[in-house]
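One letter stands for each residue in the lines below.
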Amino acid sequence: MIFKYDVIVIGGGHAGCEAAAAAAGMGAKTCLITMDMNKIGQMSCNPAVGGIAKGQIVREIDALGGQMGKVTDKTAIQFRMLNIGKGPAVWSPRAQCDRGKFIWEWRSTLDKIENLAIWQDQADELLVENGEAVGVKTVWGVEFYAKSIVVTAGTFLNGLMHIGRKMLEGGRCAEPAVHNFTESITRWGITSERMKTGTPVRIDKRSVHFEDMEEQPGDSDFHQFSYMGEHHTLPQLPCWTTYTNKECHDTLKSGLADSPLFNGQIQSTGPRYCPSVETKLVTFPDKDQHPLFLEPEGTDTNEMYLNGFSSSMPMDIQLEALRKIPALRDVEIYRPGYAIEYDYFDPTQLKHSLESKILPGLFFAGQVNGTTGYEEAGGQGTVAGINAAIRCNGGEPFVMHRDESYIGVLIDDLTTKGVDEPYRMFTSRAEYRILLRQDDADARLTEKSYNLGLATRERYDWWLEKKEAIDKLINFCKETPIKPKNINSQLEALGTTPLHAGCKLIDLIARPHLNLQNLSEIIPDLKEMMESPKNRKEEIAEAAEVLMKYKGYIDRENLVADKMRRLENIKIKGRFNYKELHEISIEGRQKLERIDPETLAEASRIPGVSPSDINVMLVLLGR
């Protein structure tokens, strides 16, 4: 059998779902090939979406017209805004989800998208003609041809699972590994390496002594992920916290000789920022305890996820160590934690559009690019899907810069710096954090996406309505005069100094102790103005307040970003023969030749290319 499409997406995880939805949403005839239609959007590890910087990525996906934010809101069983005690540049949304409902919400979402077909099968061979990727052949011998192929195979490529000294081939627990497909790609000159990740034990909540744990409730305010979706449709559940202890550590240490991480069984690199519990013991030998977070897997299950106890130790060691923790002294488990090794492809071989530099028509997104996390995968999938659709009809690739989105930072880091360990996004990776806040993703991206044809008219109209409401509120604060005699006693009650002369309302909002909410309680006209929007008035007020309070910081960061944009506009691809560029360092020549950057700004971010190398290139370009 032979099928023909515009875009083929291989893999039904978070990257694949977003890629397929984006490509089809832009009008490309798309087929998603997945091994199991009943596990589309499976949360292989933690049943949660978002977190530090990851939450910003999900809001960016949503602003672009993607689906992860909507699916998360419909299946969320706890929502929290992290870092709320710090500045808004690092506020990060996170939601605990019902794992089973998350899968079926994704399935239902994809089923409703025009131009999108789903085929349950396993990709076996990449088909290449005349130096371009043109399709795939499956294990059942079915051939799919398309103008663009997006590979989002997650941890399935030559996946190998480890529990103690026991090894089992698989892409995920109880699911088969994919053989041959990596080799069908690397034979064309694309290089692959191995990485490792892991997941914790799953616990039966009926065996937990919750009286020995601390309850961690979620937030009950207006925050959520999608700018468009419904708010908290499922019951909200608490998480629970406890700690490991010395007895638990002693038990784990007794099994280190059989740990695949330390006996030479696993050679590949694991995630630095999500280490296994045994790695924590070795890395931090002076620590007597480490925090654990017990998180519900859903509203209709006893299964719970023990965050902080990722492990590939032998089963008996894992269980014995858990029972040394008072709250888990009688614990029963559904399955132990395990580690998994898998293939990924060097992301420096990709353009910023996520298309291969070596095989035109071939795109990569997600863990196959060396990243870790559902959110990083979803962001890449959105960009790959958009560009796969654009390639079908010709046109300029869609590329986001580092001052436009965390997704732009992520892709720029991958394609210019590469990875030597699983890449995880943090706010510290972005140099323009105050411009990339979680509250303004729609301001940055919705119009771009609407012009591309992905964001719907409904989404775009909502953004215009929200923008108008924000501007109206800010202008009101700029124009409203405040007289000392009318407000000084209330200001002192709020813990701030009284006025000595009249001012505008916006000047009061700039004070640390004051905000729109507490000022609205003493200024009736402000309260009325804040109540006027028909939709999401709390979200509008928050966005307006951030813009007013942090205007100086925002303006300053925009100036810095403008300077860098000038370098982004200087195209250098094809203008230098780096081997003969003896005016710059040997390391600089080697790195520039390997990456072959598009712009001078991209060249400046390649490790090993010095500022003096960039200055030399600027002088040579001037000639």
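Whatever comes next refers back to the structure up there.
Quick summary incoming for the structure in this document. (Residues numbered from 1 in each chain as written. Predicted model: local features only at pLDDT ≥ 70, side-chain atom pairs only at ≥ 80, totals over all residues. Heavy atoms only, no water.)

Moving on, we come to the overall build of the protein. Of regular secondary structure, the protein possesses 21 helices and 23 strands. Since a compact globule built from 623 residues should have a radius of gyration of about 25 Å, the 26 Å found for the protein is in line with a globular shape. Summarising its shape, the C-alpha atoms of the protein cover approximately 80 × 75 × 50 Å along the three principal directions. Burial analysis of the protein (623 residues in total) assigns 57% to the buried set. Put simply, of all contacts in the protein between residues at least 6 apart along the chain, 73% involve residues at least 24 apart. Carbon and sulfur atoms make up 50% of the accessible area of the protein, which totals about 26000 Å². Computed over 74 positive and 88 negative side-chain charges, the inter-centroid distance for the protein is 3 Å. (Helix = DSSP H or I, 4+ residues; strand = E, 2+ residues; numbered from the N terminus. Rg over C-alpha atoms; globule rule 2.2 N^0.38 Å. Buried < 20%, exposed > 50% of the residue type's maximum accessible area, 1.4 Å probe, protein only. Contact = heavy atoms within 4.5 Å. Areas by Shrake-Rupley, 256 points an atom, 1.4 Å probe, with all protein chains shown as cover. Lys, Arg positive; Asp, Glu negative; His and termini not counted. Charge placed at Lys NZ, Arg CZ, Asp CG, Glu CD.)

Before going further, it helps to spend a moment on unusual backbone geometry. Positive phi outside glycine occurs at Asn158, with the angle close to 55 degrees. On the secondary structure map, Asn158 appears in the loop between β11 (148–151) and β12 (160–163). By relative accessible area, Asn158 is classed as buried at 16%. At Asn180, a position not held by glycine, the phi torsion is positive, near 80 degrees. By the secondary structure assignment, Asn180 is in the loop between β13 (166–169) and α5 (181–186).

Core analysis: the biggest nonpolar cluster contains 123 residues, and Leu126, Phe181, Leu362, Leu505, Leu508 and Leu526 have the highest contact counts within it. Examining the composition of this core, we find that nine residues originate from one element, helix α9 (residues 374–393), more than from any other. Those residues in contact with Leu508, other than ones at most four positions away along the chain, are Ile482, Ile487, Leu491, Leu499, Cys503, Leu514 and Leu519. Core analysis: the second largest hydrophobic core is formed by 22 residues, Met213, Trp240, Leu292 and Met313 among them. (Core = buried A, V, L, I, M, F, W, Y, C linked by side-chain atoms within 4.5 Å.)

Right, let's get into helix α2 (residues 54–64). Counting buried positions along α2 gives 11 out of 11 residues, so the element sits mostly inside the fold. Regarding α2, the residues found buried are Lys54, Gly55, Gln56, Ile57, Val58, Arg59, Glu60, Ile61, Asp62, Ala63 and Leu64. Taken from the residues just after α2, Gly65 is the one with a positive phi, measuring 105 degrees.

This brings us to the pairing of strand β5 (residues 76–82). Among the seven residues in β5, six count as buried, and that is most of the element. One ladder, built from six bridges, connects β5 with strand β6 (residues 92–97); its direction is antiparallel. Within the sheet, the bridge partner assigned to Gln78 lies in β6 and is Gln96. (Pairing = 2+ DSSP bridges.)

In spatial order, the strands read β4-β6-β5; together these three strands make up an open sheet with antiparallel pairing. The strands lining the two open edges of the sheet, one partner per strand, are β4 (48–50) and β5. With direction set aside, neighbouring strand axes in the sheet form an average angle of 15 degrees. Packing of α2 onto the sheet brings it into contact with β4 and β6, and relative to β6 it is tilted by some 85 degrees. (Axes fitted to C-alpha atoms, helices over the stretch in contact; angles between N-to-C directions.)

Here we come to the sheet that holds strand β7 (residues 116–120). Sheet architecture is open: five strands sit in the order β7-β3-β2-β11-β21, paired in parallel fashion. Single-partner strands in this sheet number two, and they are β7 and β21 (362–364). Looking at each pair of strands side by side, their axes are set apart by 20 degrees on average, direction ignored. Where strand β3 (residues 30–34) meets β7, five bridges bridge the pair, whose relative direction is parallel.

This next bit is on the pattern of salt bridges. Should the charged atoms of two oppositely charged side chains come close, the side chains can pair. Per the stated rule, a full pass over the model turns up 51 salt bridges. Between Asp111 and Arg107 there is a salt bridge, and its shortest N-O distance comes to 3.4 Å. Here the residue Asp111 and the residue Arg107 both occupy positions in helix α4 (residues 99–111), the gap between them amounting to four residues, near one helical turn. For Arg107, a relative accessible area of 16% translates into the label buried. Glu297 is the salt-bridge partner of Arg202, the closest N and O atoms lying 3.3 Å from each other. (Salt bridge = Lys/Arg side-chain N within 4 Å of Asp/Glu carboxyl O.)

Take the side chain of Asp346 next. Checked against the element boundaries, Asp346 lands in the loop between β20 (338–345) and β21. With residues up to four places along the chain from it excluded, the contact list for Asp346 reads Thr191 and Arg594.

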